[in-house]
Amino acid sequence: MAHELPEAARLRELLAFHAEAGVDAALGDSPADRFAESAAERATAPRPAGRPDTGPRPNAAARPPAQPPTPISRAAPPPAAALPGLQGAATGAPPPPDVATLEAREAAARAPTLEALKAIMERFDGCPLKATATQLVFSDGNPAARVMFVGEAPGRDEDIEGKPFVGRSGKLLDRMMAAIGLDRTSAYIANVVPWRPPGNRTPTPQETAICLPFIRRQIELADPDVLVCLGGPSAQTLLGIKEGITKARGRWFDYDTGSRTIPALASFHPAYLLRTPLGKRMAWRDFLAVSKALAQIPARPGRG
Ligand code: URA
């Protein structure tokens, strides 16, 4: 027979359930039903001309109501009614992934510089991860560096600090870079997905697809001589490979930045190396290969 839990125990159970589901950060002091607010806003607000009514984005309510930043203009998506899975529009859900991916592609292409790209991404509401993340985690290190490292997605520490690889795996990455004479003044660091997935879960394929145009443009604008994909998800997403990182690591691929082709190496993710120290020997070989490649590629003026 089911027995009633006392109130405190019931709340503890509920909290534990939320934590397990990845709801581990409070956005405000008191709960707010954003869906109800969105629906009420939609019912009263006049619809702007030329923009399809796909509903406000989930994090819009978290911004100050006055003078909201100009939203990223929509890329003439198909009419709302014709889009699959648009039931969420009436409840303030983000646009369907295919529409968001199109928007991301258009927005990313418009960025002439890394600063502009960062500003565009800060205003982009098409990725649902933005609603639960604390902030955009754009990059760290030197954008003029000759080598760029790309991981999967920020974790808790990165979400708090707004910089990639600052937690435990970041400390290991720093040590690995130091072993070949690199630090954050001579390397540029980013992630495929720039918003922390709740509870550090793996980004969904849809979330990754939405973010892909941004990281591709970021690589093109940073224009490194060598790209290093840290971990399977980064290598699979950027290099288009199917095999796991154990097979792919240590191999060089051609990466088309959109402006030129550069060598790209797949290597283990530092988080994997923290769990599997035996992999460090192979990672060391990969980093030596990066160092050798950098020595062989003539340095361009102004590149750190
Ligand atoms: N793991 C990643 O892939 N990126 C980070 O920034 C931190 C951990």
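Anything mentioned here points back to the structure above.
A full pass over the atoms with the stated rule returns 13 salt bridges. Put simply, arginine 110 and glutamate 106 hold a salt bridge, and the shortest N to O gap is 3.9 Å. Overall, the relative accessible area of 42% leaves arginine 110 in the partly exposed class. Note that glutamate 220 and arginine 217 form a salt bridge whose closest N and O atoms lie 3.0 Å from each other. Of this pair, glutamate 220 and arginine 217 both sit in helix 8 (residues 205-222), three residues apart, roughly one helical turn. Because the salt bridges share partners, they merge into one network encompassing Arg146, Asp223, Asp225, Arg260 and Arg300.

Consecutive side chains along a regular strand alternate between the two faces of the sheet. Most of strand 2 (residues 147-151) sits inside the fold, with five of its five residues counted as buried. Side-chain alternation along strand 2 places Val147, Phe149 and Gly151 on one buried face and Met148 and Val150 on a second face that is also buried. Note: strand 2 against strand 4 (residues 226-230), four bridges, orientation parallel. Its bridge partner being in strand 4, methionine 148 is matched across the sheet by leucine 227. The pairing of strand 2 with strand 3 (residues 188-191) spans four bridges and is classified as parallel. Looking across to strand 3, one finds that valine 150 is bridged to alanine 190.

Of the two faces of strand 5 (residues 252-256), the one lined by Phe253 and Tyr255 is fully buried and the one lined by Trp252, Asp254 and Asp256 carries no buried residue. Examined bridge by bridge, strand 5 and strand 6 (residues 261-267) share five bridges and lie antiparallel to one another. Bridge pairing in strand 6 links phenylalanine 253 to alanine 264. Where strand 5 folds back onto strand 6 in an antiparallel hairpin, the turn is made up of four residues, including glycine 258, whose phi is positive at roughly 105 degrees.

With that settled, the discussion passes to the site of the ligand. The ligand sits among Gly151, Glu152, Ala153, Pro154, Glu158, Pro164, Phe165, Ser169, Asn191 and His269. Residue alanine 153 places a main-chain N or O atom 3.1 Å away from a nitrogen atom belonging to the ligand. At 2.8 Å from a nitrogen atom of the ligand is found a side-chain nitrogen or oxygen belonging to asparagine 191. In isolation the ligand exposes 240 Å². Once the protein is present, 92% of that is buried. Residues belonging to the shell around the ligand are distributed by class as follows: four nonpolar, four polar and two charged.

This next bit is on the packing of helix 7 (residues 168-179) against helix 12 (residues 280-296). Where helix 7 contacts helix 12, the axes come no closer than 9 Å and their chain directions differ by 50 degrees. Overall, the two elements helix 7 and helix 12 adopt an arrangement that is oblique. Judged by the sense of rotation from one axis to the other, the crossing of helix 7 with helix 12 is right-handed. When helix 7 is examined against helix 12, the residues Leu172, Leu173, Met176, Met177 and Ala179 are found in contact with a partner set consisting of Lys280, Ala283, Trp284 and Phe287. For the contact of helix 7 with helix 12, a count of residues per class yields eight nonpolar, no polar and one charged.

Another aspect to go through is the nonpolar core. Within the largest apolar cluster, 64 residues are counted, with the highest numbers of intra-cluster contacts made by Val147, Met148, Phe149, Phe214, Leu227 and Leu239. The dominant element in this core, judged by the number of residues it contributes, is helix 8, at six residues. The residues touching leucine 227, leaving out its near neighbours within four places in the chain, are Met148, Val150, Ile219, Tyr255, Ile262, Pro263, Ala264 and Leu265.

The subject of this paragraph is the packing of aromatic side chains. Counted according to the given criterion, the structure contains three aromatic pairs. Ring centres of phenylalanine 124 and phenylalanine 214 lie 4.9 Å apart, and the angle between their planes is 75 degrees; on these two criteria the pair is classed as edge-to-face. Of the two residues, phenylalanine 124 sits in the loop between helix 4 (114-123) and helix 5 (129-132) while phenylalanine 214 sits in helix 8, which places them 90 residues apart along the sequence.

For arginine 184, the position within the fold is in the loop between helix 7 and strand 3. The spatial distance from the C-alpha of arginine 184 to the C-alpha of aspartate 140 is 7.2 Å, given a sequence separation of 44 residues. Ignoring sequence-local partners within four residues, the contact set of arginine 184 consists of Asp140, Gly141, Asn142, Pro164, Phe165, Val166, Gly170, Asp174, Met177 and Ile189. Of note is the side chain of arginine 184, whose polar atom sits 2.8 Å from the side chain of aspartate 140. Engagement of the side chain of arginine 184 in a polar contact is seen with the side chain of aspartate 174, the distance being 2.9 Å.

Criteria and thresholds
Residues numbered from 1 in each chain as written. Predicted model: local features only at pLDDT ≥ 70, side-chain atom pairs only at ≥ 80, totals over all residues. Heavy atoms only, no water. Salt bridge = Lys/Arg side-chain N within 4 Å of Asp/Glu carboxyl O. Buried < 20%, exposed > 50% of the residue type's maximum accessible area, 1.4 Å probe, protein only. Helix = DSSP H or I, 4+ residues; strand = E, 2+ residues; numbered from the N terminus. Pairing = 2+ DSSP bridges. Near = heavy atom within 4 Å. Polar contact = N/O pair within 3.5 Å; in protein donor to acceptor, adjacent residues only side chain to side chain. Areas by Shrake-Rupley, 256 points an atom, 1.4 Å probe, with all protein chains shown as cover. Nonpolar A, V, L, I, M, F, W, Y, C, P; charged D, E, K, R; others polar. Axes fitted to C-alpha atoms, helices over the stretch in contact; angles between N-to-C directions. Parallel < 35°, antiparallel > 145°, perpendicular 65-115°, else oblique. Left-handed = near helix turned anticlockwise from the far one by under 90°. Contact = heavy atoms within 4.5 Å. Core = buried A, V, L, I, M, F, W, Y, C linked by side-chain atoms within 4.5 Å. Phe/Tyr/Trp six-rings, centres within 6.5 Å; stacked < 30°, edge-to-face > 60°.

Read these as spatial facts, not as claims about activity.
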